[in-house]
Amino acid sequence: MSKALIFLFSLALSLLLQILQLPDALSSLRPSWPLLVIAYWTLYEPKMPSLLAAWIVGVCCDTLFNSVLGENALALVLVASIISRLRSLYTLFPLWQAALALAPLWALHAFIIFWIDGITRHSADLSLRWLPVLSTTLIWPLFVGLLEGRRAARTDNLNRMRLP
Amino acid sequence: MNTTLTDTSRKPLFPSGPALGLRFLFFTLLSITLLVVDGRSDRFKPLRDWTSWALTPLIWVGNLPRAVSGGLEHFRSREALLAENRALRANQLEQAARLLQLSSLEAENQRIRELLASSTGLKDRVLIAEIFAASQDPYRHQIVLNKGARDGVYRGQAVLDAAGVMGQVVQVNPTTSVVLLITDPNHGIPVEINRTGLQTIALGRGDGQGLSLPYLPGNSDVKVGDVLVSSGLGGRFPAGYPVGEIYELHHTGGENFMEAAAYPRAKLHQGRQALLVWSEHATAADATDAPQVPIDLPANSPAKPKAKP
């Protein structure tokens, strides 16, 4: 019950972080928060309806950025399904290796957005496309460490070790 | 090490077979359908309206930091306020003097226009709107205003600020509207160079701070510092408002066209208010989508390419 609440709350928070006003210099380095949150839930809580959430959050992103409907939705759904397909692989890696191994997926996400933007004739500077990939990769270990730390604190009482 | 799986991670360590594939296929097809249909028509506008309505609280919260920092300005020092007051008084005096001059110029302009039997008025109907949010997507230069269809805002409406043209409305929601700024790479605005009257098109460069004028004839009379004003061709923007100022000229030898770069006059990322303008030709231009404004182009200007919508 409370997990479902945290799930919904984290999705809303990711959208909020995505539209929060930042100085121009930082704004291009903003990691893709919805992507991080969806990836986290897909990897660590596979029972959550992550694919549905990915699609809905994607449509919300499209509305917020006024891009073609389905653009962010498609990219998020693709990444989420690849992660859930390769979940057994990613959970075997230690955190920092998983962070590196996930980087191609962030790049895939950026590429799909780039591609659809190209089809709908929305060109932008290339560095603006790749900087979020970099920052998402760098922030992933921090992000997971934070959320898993919260959970570890809770489950330590039960004297259990979690995988991963 | 004592390793036990919790119930959440015990079962689906391996993907759950066809169910995942099916779900993936379903959502992918759904997204592609949305993409194709939304790219070509307005059929999903209700979905967009509904989502944007549902996300309004989120946008409001996202805008809170700015609102709070704005609120802190209440506690400014008395000296600062006095200084500002003095500066504003001086400014107001100066402007009043210029306004006196303007009214006589306006009267003169009116007389001359009557002589020319032209009915273009200088006065446009305007509405002040608050800038609600700036798009945080670095690929799109957009802002959201707090006026929408209920206030009579329409698609394609011109948006100005105190210093010049900001952009045009691209999407109207019931209570908000989205404005595409003139620096967006998808935006083009017909302009004329104030000094010579040369007509051309200013496109957004997409780096957030510049305009580019790629269609200048190689022999045209353009200088750094020239002011661009909206020409009113195409009927979407009212004529005569400042758009930008040229700061750089490129002319590659052998090329037919010379390219100029300009800074926009409007303070696109600074103000909190914007003016929505009802220009007289706009409704007609929107209805036919083929601007029919009979204006003689100067002899040395190229055939004017159609402005992007």
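Look above for the structure.
Scope of this entry: the structure provided in the associated data block. (Residues numbered from 1 in each chain as written. Chains lettered and ligands numbered in written order. Predicted model: local features only at pLDDT ≥ 70, side-chain atom pairs only at ≥ 80, totals over all residues.)

Helix and strand counts for chain A come out as 8 helices and 0 strands. Starting at the N terminus and ending at the C terminus, chain A contains elements arranged as α-α-α-α-α-α-α-α. The proportion of buried residues among the 164 residues of chain A is 40%. In chain A, the proportion of contacts linking residues at least 24 apart, taken out of those at least 6 apart, comes to 63%. (Helix = DSSP H or I, 4+ residues; strand = E, 2+ residues; numbered from the N terminus. Buried ≥ 20, exposed ≤ 12 C-beta atoms within 10 Å, placed from the backbone. Contact = placed C-beta atoms within 7 Å.)

Residues and elements named next belong to chain B. Pairing is antiparallel around the closed barrel formed by 6 strands, whose spatial order is S1-S2-S5-S4-S3-S12. Between one strand axis and the next, the sheet turns by 45° as a mean value, whatever way the strands run. Here 5 bridges tie strand S4 (residues 165-172) to strand S5 (residues 177-181), and the two strands are oriented antiparallel to one another. Within S5, the residue paired with Gln168 across the bridge is Leu180. (Pairing = 2+ DSSP bridges. Axes fitted to C-alpha atoms, helices over the stretch in contact; angles between N-to-C directions.)

Moving on: the sheet that holds strand S7 (residues 199-204) of chain B. Note on sheets: strands pair through backbone hydrogen bonds, and any given pair is parallel or antiparallel. All names here are of chain B. The 6 strands are arranged S6-S7-S8-S11-S10-S9 in a closed barrel whose pairing can be described as antiparallel. Looking at each pair of strands side by side, their axes are set apart by 40° on average, direction ignored. Looking at chain direction, strand S8 (residues 211-217) and strand S11 (residues 257-264) are connected through 5 bridges and run antiparallel. Counted as the bridge partner of Leu216 is Met258 from S11.

Residues and elements named next belong to chain A. Running from amino to carboxyl end, helix H5 (residues 71-85) crosses helix H7 (residues 95-119) at an angle of 155°, the nearest separation of the two axes being 9 Å. Put simply, H5 runs roughly antiparallel to H7. As H5 packs across H7, the resulting crossing turns out to be right-handed. Contact residues: Glu71, Asn72, Leu74, Ala75, Leu78, Val79, Ile82 and Ile83 in H5; Leu105, Leu108, His109, Ile112, Ile113 and Ile116 in H7. (Parallel < 35°, antiparallel > 145°, perpendicular 65-115°, else oblique. Left-handed = near helix turned anticlockwise from the far one by under 90°.)

Of all hydrophobic cores here, the largest spans 45 residues; its most connected members are Ile38, Ala39, Ala54, Val57, Leu76, Val77 and Val79 of chain A. The set of elements that each furnish at least two residues to this core consists of helix H1 (2-19), helix H3 (33-44), helix H4 (50-65), H5, H7 and helix H8 (126-156) of chain A together with helix H2 (18-40) of chain B. Residue contributions to this core peak at 10 residues, all from H4 of chain A. Not counting chain neighbours up to four residues away, the residues in contact with Ala39 of chain A comprise Val79, Ile83 and Leu102 of chain A. Judged by nonpolar contacts, the second largest core, of 42 residues, contains Ala129, Ile143, Leu198 and Phe237 of chain B. (Core = buried A, V, L, I, M, F, W, Y, C linked by C-beta atoms within 7 Å.)

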